[in-house]
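Next come the chains, spelled out residue by residue.
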Amino acid sequence: MEPVPSDWIIKVDGFTRKSVRKAVRQRVCQSSSQFAANSSRPATPEISALPQLKDASSTEQHELFMQKLHQCCVMFDFYDTVTDLKSKETKRATLSELVDYVSTNRGVLVEPVYPEITTMVSTNIFRTLPPSENPDFDPEEDEPTLEASWPHMQLVYEFFLRFLENPDFQPNTAKRYIDQKFVLQLLQLFDSEDPREREFLKTVLHRIYGKFLGLRACVRKQINNIFLRYIYETEHFNGVAELLEILGSIINGFALPLKAEHKQFLMKILIPLHTAKGLALFHAQLAYCVVQFIEKDPTLTEVVVRGLLKFWPKTCSQKEVMFLGEIEEILDVIEPTQFKKIQEPLFKQISKCVASPHFQVAERALYFWNNEYILSLIEENNAKILPIMFGNLYRISKEHWNPTIVALVYNVLKTLMEMNGTLFDELTASYKADRQREKKKEQEREELWRKLDELRLQERIAIQNNRHDIQFTFNNNNNNLQDKNENTAAAVTDRIESDSWAK
Amino acid sequence: KNNVNIKEIGPGMAGADSDDSLYPIAVLIDELRNEDVQLRLNSIKKLSTIALALGVERTRTELLPFLTDTIYDEDEVLLALAEQLGNFTMLVGGPEYVHCLLPPLESLATVEETVVRDKAVESLRKISHEHSPVDLEVHFEPLVKRLASGDWFTSRTSACGLFSVCYPRVSSTVKAEIRQHFRTLCSDDTPMVRRAAASKLGEFAKVLELEYVKSDIISLFTALASDEQDSVRLLAVEAGVSIATLLPQEDLEALVMPTLRQAAEDKSWRVRYMVADKFSDLQKAVGPEITKNDLVPAFQNLLKDCEAEVRAAAANKVKEFCENLPEDSRETIIMTHILPCVKELVSDTNQHVKSALASVIMGLSTILGKDNTIEHLLPLFLAQLKDECPEVRLNIISNLDCVNEVIGIRQLSQSLLPAIVELAEDAKWRVRLAIIEYMPLLAGQLGVEFFDEKLNSLCMAWLVDHVYAIREAATCNLMKLVEKFGAEWAQNTIVPKVLGMANDPNYLHRMTTLFCINALSEVCGQEITTKHMLPVVFKMSNDQVANVRFNVAKSLQKIGPVLDSNCLQTEVKPVLEKLASDQDMDVKYFAQEAISGSSTGLFMEKQCALFPLSKKCFRDTWLPKCFVQLFTKQTILLFILTPNLPAEPSCSVYHHLLNLSLGSHI
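Definitions and limits used
Counting restarts for each chain: residues are numbered from 1 in the order of the written sequence. By the order in which they are written, chains take letters starting at A while ligands take numbers starting at 1. Confidence filtering applies because this is a predicted model: local features only for residues at pLDDT of at least 70, side-chain atom pairs given and counted only at 80 or more, and all residues used for totals across whole chains, interfaces and linings. Hydrogens and waters are ignored; side-chain quantities use all the structure's heavy atoms. UniProt positions are given in the numbering used here, feature names are shortened, and annotations may be inferred rather than shown by experiment. Here, a salt bridge means any side-chain nitrogen of Lys or Arg that lies within 4 Å of a carboxyl oxygen of Asp or Glu. Helix and strand assignments follow DSSP, with helices taken as H or I runs no shorter than four residues and strands as E runs no shorter than two, numbered in order from the N terminus. Each residue's exposure class comes from its accessible area (1.4 Å probe, protein chains only) as a fraction of the maximum for that residue type: buried when under 20%, exposed when over 50%, partly exposed otherwise. Here the nonpolar core consists of buried residues drawn from Ala, Val, Leu, Ile, Met, Phe, Trp, Tyr and Cys, with membership extended through side-chain atoms lying within 4.5 Å. Whether two residues touch is decided by their heavy atoms; if any such pair falls within 4.5 Å, the residues are in contact. Planes of paired rings set the category: under 30 degrees apart is stacked, over 60 is edge-to-face and the rest tilted, where pairs are Phe, Tyr or Trp rings (Trp by its six-membered ring) whose centres lie within 6.5 Å. Either the NZ atom of lysine or the CZ atom of arginine qualifies as a charge over a ring when it sits within 6 Å of the ring centre and within 35 degrees of the ring normal. pLDDT is defined as a per-residue confidence score from the predictor, taking values between 0 and 100. Cysteine sulfur atoms are paired as a disulfide whenever they come within 2.5 Å of each other. Helix axes are fitted to C-alpha atoms over the stretch in contact, other axes to C-alpha atoms as well, and angles between N-to-C directions run from 0 to 180 degrees. Geometric relationships in this document are graded by angle, where less than 35 degrees denotes roughly parallel, more than 145 denotes roughly antiparallel, 65 to 115 denotes roughly perpendicular, and other angles denote oblique.

Chain B is annotated in an unreviewed UniProt entry as Serine/threonine-protein phosphatase 2A 65 kDa regulatory subunit A beta isoform of Cyprinus carpio. For chain B, the Sequence similarities (unreviewed entry) comment in UniProt is given as "Belongs to the phosphatase 2A regulatory subunit A family."

Going by what an unreviewed UniProt entry lists, chain A is known as Serine/threonine protein phosphatase 2A regulatory subunit and is assigned to Cyprinus carpio.

Here is the structure:
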């Protein structure tokens, strides 16, 4: 039996082949997938303008409204900029009239129009999003690909919003049409590259969440699924920030005590979201959500902080700065009792950040000492925090390459000295001895490893001698020599690493 | 609670332990809990050493419970652990005890991080084969069931990959349960689990009895293929192909074809892409009749799809699809159905579609034969040779050999030349590099006269390209050309030009002369080397630039075997001796190297063996890639420069090494 190919998850979305996706945009042919299903259909029927709604008598108005909704279900290919110009304009004008009609008139939302409206909206906005034009799309740098049919689509979104916001709107009637399937399709559209569309979607989803109590659990569940897929499978979804923004207001409304479901959402989804490559795009919204949770229920502080520490970035300084920002936001609202629970692991990390060779990371961490609330927390717990911070601060004050950092560190040291002069003096006095002890410990460790390697070799030889007795499926058995080399090499690199960075 | 023993060993590390062998093991376990992730990771990677030293009994009773308890850790550590445990069977006492490994792996199979989970599943699959049938039912299958009914999606996802390994070896009652569990997961609430189930559906179908394939799998396949999420539907396509291979021909039409047909026309381009991507497998699975009736029109549609991604995937399959068509109707189908689509793709608006087509289109000529190729395909080749996108042209040129067999390359030569010239001067060096690689092939097919007239100047121009990789490839190209056209041709056409460059003001070009001589001396033979090349090399030993001089030493070492011993003694040796007393330490070094001959060569080779290993160590830790290359190269240099490196190197040597790698020396 074959072993599980470890990359099967990648295969789940095997469309990242850069060469293809880097295709230069060719509008004529690369139409939106929306038209794929219709590619074999006869040419788009021409639509002709109907009389204005405002000119119709009140008895005819309803019928005309339905007709217009129906007319707006005809779709046009916007990549083709030459054909159907007249019909496109007619549809645009009709949509615009419909927007006016539902926003200014009362009593127009009678029961029969609900299915018609839902059908019209679904037909116009629900589609498989086309492949991304630019595989390395960097939302911070690159221009997004805009939706070609926006002139119509914008009005459809506008209309749908006005419909949802109409005072006569009856969720009880609408829920037959705006159902789970509808919501699922709506959520999938959040992957759109067009920020204008995502903005509308955000408002639409917010209204739906507000008005359809029965759909709330479903919306949350589907958002969870989107996030989980984003975190663990594809790392690609354009609408994370928008969804988090909605969630921010949803969390705000959670009742206390928090349900287990919501706590699970925090720990299993929001915290792991911090690992995403594209964190910069939605970090503000994410941090807001996390802080909301802590404000709701301070007992969550410990797990949240420990979660963040677990996923602390190891190589990406930019993300590290964001994490520090989020920690500061958390510390701003932390309860002193909660602070005590996390101060040790947290300040070990902060101490590492302060010593970071990347000056922005070091600077961000040192800024904590400008925050009066944090300062008061540190002061209160200085006996615990001072020993954790002192070593790195002292060292950095002597050897950081960046003068700004050195200056900041001096200030921090001064603050700490003022907090607890006695402890500070003790630490200064024992600094050298401590370093030496650490170094000795390190040497001991190395020595022990060396012994261990020897032991391992002996075991190996013993095994090889007994090979006919015990059939070892030891993976390195045949590569003794090579493995030994590898160990030597590893030892060399270890040494280099520790030597060069420790000094 | 089980790890009490080990925890007791831990603190014992500082004090001297009477049992010497326990001493480092205690440390290792202590290291498994070290605060520093990197150290924890190192220890986990050497977990087998621990187990080996503890012996099977204590591994089972102390180490494994300890590991099961420490599952909450960094994912990187967990990944290493999951991998290690897959190879642990012997370390816990052989197949009889292999089930001891299940608890830690079960926990690992439920973590969030995908790579850890996948590795745990991989290890579970591995050790499943080491279970006896009884153990499989008593220990393994209950684990699969627990995972399959786990609360969080991760465990259910992991379960999907385990059904197929235990199914064949359990009793029929348990089999029925497993099928039931799989069914449940296929309609799971979360799309993540449905995706996992869909991706394992084909594999599971393979181990099922045919009656259950028909009764169970087909309905699951149909359901997954019409899932509300396209990410699930597309995975069902692959499963469909596997299922089709399992069914007898007469059942295919009724059981799988409706679903597959629907997938080929799915509204999501991802699903259609998947169909296009798996088309050849599908074709083989369904056989000739269905291919003729169903797949041909489906393939046409995919070639005309509105998404470029789908068209490109389909274009990639053109040759394979045509090759596998039933022989009796192959030509008709290609000519009437496929070729018209192919013609359209030649002028597709998307370059990747064209380039995909260009990489396979030449293969059609062998299928269609000479006349059809000349009449129908040749115009397409010519059109693609003139395409605006270099990749398209390159793909055509790189497949010229297929056409050569059928109609001969001469048919194309008039169009080839401008295409080659343009590619030879392309702004992207990778394109230039690619075309150089086809030069020997083209030269062979076009003949020496055509080459001398049209292509020779290109080959010489590459020698002075501003990119080293191109100059290097150009040197190698010359060697291959001489192999084709002979030494006499070399002496008349290229050797004078190469030697002429020895007087170039640019030292890089002068070095190119040396590199060419290195490459050409052997193919040109002793006479040309001694008479024409050697004097130039000698002259260059007085070059002002040290790099040229030490390359002279290297060249002399290289061409030594071609020369006769008299010449070596009377002419080469004095020059090398002069270089050995050069002012520059590198020149000196390489001259000495050349004098002492091959013994140092061996040394260097030995050190180079370290190269991939040290690279491997670095990659895992903190060094970015390019730095690794620089570093390792410099490491090797250092090893060469310090041949008597002490066995137990002192720190200062490594400081020196670090300085070297940072570019402060040499």
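(A) Spotlight on the pattern of salt bridges. Residues and elements named next belong to chain B. The tally for this structure, following the rule as stated, stands at 58 salt bridges over all chains. In this structure, Lys145 and Glu141 form a salt bridge, with 3.5 Å as the shortest nitrogen-oxygen distance. With Lys145 and Glu141 both in helix 8 (residues 133-148) and four residues apart, this pair spans about one turn of that helix. Exposure remark for Glu141: the relative accessible area of 3% places this residue in the buried category.

(B) Spotlight on the nonpolar core. Counting 354 residues, the largest nonpolar core has Ile208 and Phe227 of chain A as the members making the most contacts within it. No other element matches the 11 residues that helix 18 (residues 279-303) of chain B contributes to this core. Leave out the neighbours within four places in its chain, and Ile208 of chain A touches Phe160, Leu164, Ile178, Phe182, Val183, Leu186 and Leu215 of chain A. Core analysis: the second largest hydrophobic core is formed by six residues, Ile47, Val74, Phe76 and Phe78 of chain A among them.

(C) Representation of the packing of aromatic side chains in the model. Under the defined criterion, the tally for this structure stands at 36 aromatic pairs over all chains. Residues Phe265 of chain A and Phe293 of chain A carry aromatic rings whose centres are separated by 6.4 Å and whose planes lie at 45 degrees to one another, so their mutual orientation is tilted. Taken as a pair, Phe265 of chain A in helix 12 (residues 260-273) and Phe293 of chain A in helix 13 (residues 283-296) lie far apart in primary sequence, 28 residues in all. Across this residue pair, the class does not change: Phe265 of chain A and Phe293 of chain A are buried. Ring geometry for Phe182 of chain B versus Phe204 of chain B: centroids 4.4 Å apart, planes at 25 degrees, classification stacked. Residue Phe182 of chain B is found in helix 11 (residues 172-186), and its partner Phe204 of chain B is found in helix 12 (residues 191-207); the two are separated by 22 residues along the sequence. A single burial state applies to Phe182 of chain B and to Phe204 of chain B, both of which are buried. Taken together through their ring pairs, the aromatic side chains of Tyr114, Phe126, Phe160, Phe163, Phe169, Phe182 and Phe212 of chain A make up a single cluster. The ring of Phe78 of chain A carries the charged tip of Lys88 of chain A above its face, separated from the ring centre by 4.8 Å. Above the ring of Tyr212 of chain B, the side-chain terminus of Arg179 of chain B is found at 3.4 Å from the ring centroid.

(D) Geometry of the environment of Ala314 of chain B. All names here are of chain B. Secondary-structure assignment places Ala314 in helix 19 (residues 308-316). Spatially, the C-alpha atom of Ala314 lies 9.4 Å from that of Asn301, the residues being 13 residues apart in sequence. For Ala314, the contacting residues outside a window of four places in its chain are Ala276, Phe299, Leu302 and Leu303.

(E) Layout of helix 5 (residues 75-85) of chain B. What helix 5 of chain B keeps buried is the set Val77, Leu78, Ala80, Leu81, Ala82, Gln84 and Leu85 of chain B. Buried residues belonging to helix 5 of chain B abut helix 3 (37-45), helix 4 (47-69), helix 6 (102-108) and helix 7 (114-128) of chain B.

(F) Highlighting the confidence of the model for chain B. Residues and elements named next belong to chain B. Taken as a whole, chain B shows an average pLDDT of 81; of its residues, 85% reach a score of 70 or greater. When the criterion is pLDDT under 50, residues 1-20 qualifies, and its contacts beyond four places in sequence or with other chains add up to 23 contacts. Ignoring residues within four places in sequence, the model shows residues 643-654, a span with pLDDT below 50, making 10 contacts including any to other chains. As a predicted assembly, this complex carries a pTM of 0.74 together with an ipTM value of 0.76.

(G) Highlighting the state of the cysteines. Residues and elements named next belong to chain B. As enumerated under the stated definition, the model contains zero disulfides over all chains in all. You can see Cys459 has no disulfide; the closest cysteine sulfur is in Cys516, sitting 11 Å from it. Accessibility expressed as a relative area gives 0% for Cys459, which makes it buried.

(H) Structural context of unusual backbone geometry. Residue and element names in this part refer to chain A. Cis geometry marks the peptide bond from Leu256 to Pro257; its omega dihedral reads -5 degrees. Among the structural elements, Pro257 can be located in the loop between helix 11 (240-252) and helix 12. Positive phi is not limited to glycine here, since Glu235 has a value of about 55 degrees. In this fold, Glu235 is placed in the loop between helix 10 (216-234) and helix 11.

(I) Local environment of the packing of helix 12 of chain B against helix 14 (residues 230-246) of chain B. All names here are of chain B. Interaxial distance between helix 12 and helix 14 falls to 8 Å at its minimum, and their mutual angle equals 10 degrees. Between helix 12 and helix 14, the angle falls in the class roughly parallel. Contact with helix 12, carried on its side by Pro191, Arg194, Arg195, Ala198, Ser199, Leu201, Gly202, Ala205 and Lys206, involves Ser231, Val232, Leu235, Ala236, Ala239, Ser242, Ile243 and Leu246 of helix 14 and no other residues of that element.

(J) Quick look at the confidence of the model for chain A. Residues and elements named next belong to chain A. Of the residues in chain A, 81% reach a pLDDT of 70 or more, and the chain-wide mean stands at 81. Within the model, pLDDT remains below 50 along residues 1-42, and this stretch shows 102 contacts once partners closer than five positions in the same chain are excluded. In this model, residues 468-503 is a region of pLDDT below 50 whose contacts with residues beyond four sequence positions or in other chains number 57 contacts.

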